[in-house]
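Structure at a glance
The chain contents come next:
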Amino acid sequence: MLHDGGMGWWMVWGSVMMILFWGGIIALAVWTVQSLIRREQGTAQGPSIGPAPGAPREEPLEIARQRYAKGEISREEFEQIRNDLQRP
């Protein structure tokens, strides 16, 4: 024999557990889809801001030299950049 509404509490507990179970299944499905989309976009680790940790850092003057060598900037632009960077 059940005591004063004992069956009611089991029904509430069962409902809560079912909601948590299906909520977890849905959350897992959403997370999986997002991970697959990020992997396809090449950002599985999230958006990158700046160079990767431990990657060699290029100095601004070296970047200007490379751009000048590729013909992206003129000699005058390179000289201006070099002068600007060498100022204290």
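As shown above, the structure is provided for reference.
Cut-offs used in this document
Residues numbered from 1 in each chain as written. Predicted model: local features only at pLDDT ≥ 70, side-chain atom pairs only at ≥ 80, totals over all residues. Heavy atoms only, no water. Axes fitted to C-alpha atoms, helices over the stretch in contact; angles between N-to-C directions. Helix = DSSP H or I, 4+ residues; strand = E, 2+ residues; numbered from the N terminus. Parallel < 35°, antiparallel > 145°, perpendicular 65-115°, else oblique. Contact = heavy atoms within 4.5 Å. Nonpolar A, V, L, I, M, F, W, Y, C, P; charged D, E, K, R; others polar. Salt bridge = Lys/Arg side-chain N within 4 Å of Asp/Glu carboxyl O.

With that settled, the discussion passes to the packing of helix 2 (residues 60–70) against helix 3 (residues 75–86). It is at 10 Å that the axes of helix 2 and helix 3 come closest, and there the two elements cross at 175°. With respect to helix 3, the element helix 2 is oriented roughly antiparallel. For the pair helix 2 and helix 3, the contacting residues are Pro 60, Leu 61, Ala 64, Arg 65 and Tyr 68 in the first and Arg 75, Phe 78, Ile 81, Arg 82, Leu 85 and Gln 86 in the second. A breakdown of the residues in the contact of helix 2 with helix 3 according to their chemical character gives seven nonpolar, one polar and three charged.

The tally for this structure, following the rule as stated, stands at five salt bridges. Its salt-bridge partner being Arg 65, residue Glu 62 comes within 3.7 Å of it at the nearest N-O pair. Taken together, the residues Glu 62 and Arg 65, both in helix 2 and three residues apart, mark about one turn of the helix. We note a salt bridge from Glu 72 to Arg 67, for which the minimum N-O separation is 3.2 Å.

Remember that the coordinates give geometry; whether it matters functionally is a separate question.
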